[in-house]
Structure formats: C-alpha cells, structure tokens
Amino acid sequence: MRIDIITALPSLLQGPFSDSILKRAIDNGLAEVHLHDLRNYGSGKHRQIDDYQFGGGAGMVMMIEPIETVINELKSQRTYDEVIYMTPDGEVFNQSMANSLSLKGNLIILCGHYKGIDERVRELLITKEISIGDYVLSGGELAAAVVSDAIIRLIPGVLNNETSALSDSFQDDLLAPPVYTRPAEYEDLKVPEILLSGNFGAIDKWRHEQAEKRTAKRRPDIWNKKHKTDE
Ligand code: 6GU
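Calculation rules
- Residues numbered from 1 in each chain as written.
- Predicted model: local features only at pLDDT ≥ 70, side-chain atom pairs only at ≥ 80, totals over all residues.
- Heavy atoms only, no water.
- Core = buried A, V, L, I, M, F, W, Y, C linked by side-chain atoms within 4.5 Å.
- Buried < 20%, exposed > 50% of the residue type's maximum accessible area, 1.4 Å probe, protein only.
- Helix = DSSP H or I, 4+ residues; strand = E, 2+ residues; numbered from the N terminus.
- Contact = heavy atoms within 4.5 Å.
- Patch = residues over 30% accessible without salt bridge, like charges linked within 9 Å, V, L, I, M, F, W, Y side chains within 5 Å.
- Areas by Shrake-Rupley, 256 points an atom, 1.4 Å probe, with all protein chains shown as cover.
- Salt bridge = Lys/Arg side-chain N within 4 Å of Asp/Glu carboxyl O.
- Pairing = 2+ DSSP bridges.
- Axes fitted to C-alpha atoms, helices over the stretch in contact; angles between N-to-C directions.
- Domains from an automatic or database assignment.

### Notes on the nonpolar core
- Counting 30 residues, the largest nonpolar core has Ile5, Met86, Phe93, Ile130 and Ile152 as its most contacted members.
- Elements supplying a minimum of two residues to this core: β1 (2-7), α2 (20-27), β5 (82-92), α4 (95-101), β6 (106-111) and α6 (141-152).
- When residues of this core are assigned to their parent elements, the largest contribution, seven residues, is made by α6.
- When sequence neighbours within four positions are dropped, the list of residues in contact with Ile5 reads Leu13, Phe17, Val33, His34, Leu35, His36, Ile109, Cys111, Ala144 and Ser148.
- Grouped together as the second largest cluster of nonpolar side chains are 19 residues, Met62, Ile64, Leu74 and Ile126 included.

What follows is the structure in structure tokens.
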C-alpha cells in the first residue's frame with residue numbers, strides 16, 4: 001500500500017508516521033507514505049496556493065492549479081485507486097471504510113485548509129470525500145493521519161497475532177471488553193476471578209458477554225443496528 005498525502009503543512013504530518021506501529025509498518029516495507037508540500041507547486045515568486053473567494057467573504061480558498069499539478073504528476077507515475085479529499089462535509093469515516101481502503105494499492109489524500117478548496121477540484125479530481133466526525137478541525141492533516149493509521153494497521157503483517165485487528169472494537173460491531181494486568185488486587189479492586197481461572201473457554205465467553213453489555217449500554221445505536229440485522 002502506498003499513500004501520497006498532499007498538504008500545505010507537511011510538518012504537521014511527520015510525527016504520526018515516525019513512531020510505533022506506523023513507523024514499523026513503513027520500515028518493514030508494508031506501507032509507503034509520501035508527503036507532498038503543496039507550496040512547492042504554487043505559482044509565482046510567492047508560490048501562491050490560495051486566493052480570495054469569488055463573491056466575497058472571509059477566508060482564503062485553495063486554488064485549482066497547484067493541486068491539479070501535483071495530482072497529475074503523481075498519476076503519471078502510477079495508477080491510483082482513490083483520490084480522497086479530507087473535508088468536514090465528506091462521508092463520515094468508520095471501520096467498514098477503513099477495511100475497504102486497506103485493500104487498495106495506491107491512495108492520494110488531499111488535505112484541505114482555509115475555507116476549503118475550489119469546488120472544481122472536487123468535481124474534476126476527487127473520487128472520495130471523507131470526514132472524521134461532526135466537528136471542525138483547522139485543516140485536513142490530523143484527519144488524514146487518523147484515516148491513514150486506521151488503514152495501515154489493517155494491512156496483513158502490520159500487527160502481530162496478539163494485537164490482531166480482528167479483536168478490535170467495531171470490527172464485529174462490538175466494543176472491546178475490559179482488560180486488566182498486574183497487580184491482581186489494587187486497593188479494594190480485584191481483577192474478575194474468571195480471568196485468573198485458566199479456563200479459556202469460560203474466559204472467551206465472559207469477554208463476549210462483557211463486550212455485548214458494554215455495547216448495549218454505551219452505544220445503543222450500534223447495538224440496535226446489529227440486532228436488527230441479526231434477526
Ligand atoms: Cl476531514 N477536515 C476538517 N477540516 N475538519 C474535520 C474533518 C476534516 N473531519 C472532521 N472535521
């Protein structure tokens with residue numbers, strides 16, 4: 001999997017890929033992430049990438065040409081499965097979108113800024129628009145990092161068996177059950193007896209029940225949907 005991220009603020013995106021699971025995935029050649037500084041594609045002495053909006057109003061709009069130039073340059077080098085635009089008015093990201101994107105080969109992710117991008121970029125170049133939730137961020141960069149993380153960890157070989165993504169929250173429409181480690185007793189709080197029993201069949205059953213209880217209580221929306229479709 002290769003992800004090309006186009007951004008006016010590449011330094012905002014360096015951190016998330018320089019540590020832990022994402023760094024290991026990249027070091028092991030399971031994922032490639034390339035950051036492209038939109039400023040390098042800007043026009044004129046000032047490498048302009050944004051301008052005032054037609055019709056007036058506060059806030060700058062990202063121009064078509066620099067974005068088209070970088071996207072065309074990338075497309076001339078390989079074919080892309082999706083050209084994604086990160087925007088609060090996109091489709092709300094979830095685990096099922098992460099699952100299907102993790103099966104793709106090459107992705108472009110464009111991060112918006114200011115008031116957004118010229119609408120014609122969306123018409124001409126973008127194949128998918130993603131939001132990470134109903135709140136507004138200063139730009140698409142943090143959202144692009146979230147989406148990339150959710151996708152890359154699903155690539156086979158990125159996680160080991162123990163941390164397998166199959167047991168993640170949401171993967172089976174259930175939240176994860178509670179987990180404990182040493183000490184077995186902390187102040188008055190004991191780890192549930194069953195987890196110390198060594199009876200792995202009973203432990204699995206307990207965990208599944210806890211996951212169901214937790215989902216029904218905390219996320220009735222997911223719980224009710226699951227039970228409608230199971231019937
Ligand atoms: Cl993708 N971008 C911005 N700027 N804000 C957001 C978002 C994206 N998703 C949720 N809020």
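### A look at a nonpolar patch on the surface
- Taken together, Leu9, Leu12, Tyr135, Leu137 and Leu142 make up a surface patch of nonpolar side chains, about 430 Å² in accessible area.
- In this fold, Leu142 is placed in helix α6.

### What to know about the sheet that holds β5
- Pairing within the open sheet is parallel, and its five strands lie in the order β2-β1-β6-β5-β7. Either end of the sheet is taken by a strand with one partner, and the two such strands are β2 (32-37) and β7 (128-131). Between one strand axis and the next, the sheet turns by 30° as a mean value, whatever way the strands run.
- In the sheet, β1 pairs with β2 via six bridges, with the strands oriented parallel.

### Here's the deal with unusual backbone geometry
- Following Arg182, the chain continues into Pro183 via a peptide bond in cis, with omega recorded as 0°.
- Relative to the assigned elements, Pro183 resides in the loop between α6 and β8 (185-186).
- One non-glycine residue with positive phi stands out, namely Ser20, at about 60°.
- You can see Ser20 is positioned in helix α2.
- One non-glycine residue, Arg47, adopts positive backbone phi at about 50°.
- Tracing the backbone through its elements, the reader meets Arg47 in the loop between β2 and β3 (50-52).
- The class for Arg47 is partly exposed, based on a relative accessible area of 39%.

### Remarks on the domain arrangement of the protein chain
- When cut into domains, the protein chain gives domain 1 (2-152) and domain 2 (169-230).
- The distance between the C-alpha centroids of domain 1 and domain 2 comes to 36 Å.

### A few points about the environment of Leu166
- When you line up the elements, Leu166 lands in the loop between α6 and β8.
- Remark: the alpha-carbon pair of Leu166 and Leu154, spanning 12 residues in sequence, is separated by 8.9 Å.

### Quick look at the pairing of β6
- Burial analysis of β6 places six of its six residues in the buried class, the great majority of the element.
- Taking every second residue as pointing to the same face, both faces of β6 are buried, with Asn106, Ile108 and Leu110 on one and Leu107, Ile109 and Cys111 on the other.
- Pairing of β1 with β6, which is carried by five bridges, proceeds in the parallel orientation. By the bridge assignment, Arg2 is partnered in β6 with Asn106.
- Of the pairings in the sheet, the one linking β5 to β6 comprises five bridges and is parallel in character. Bridge pairing in β6 links Ile84 to Ile109.

### Describing the side chain of Thr215
- Here Thr215 lies in helix α7 (residues 200-218).
- Residues contacting Thr215, with those up to four places away along its chain left out, are Asp173, Leu174, Leu175, Pro220, Ile222 and Trp223.

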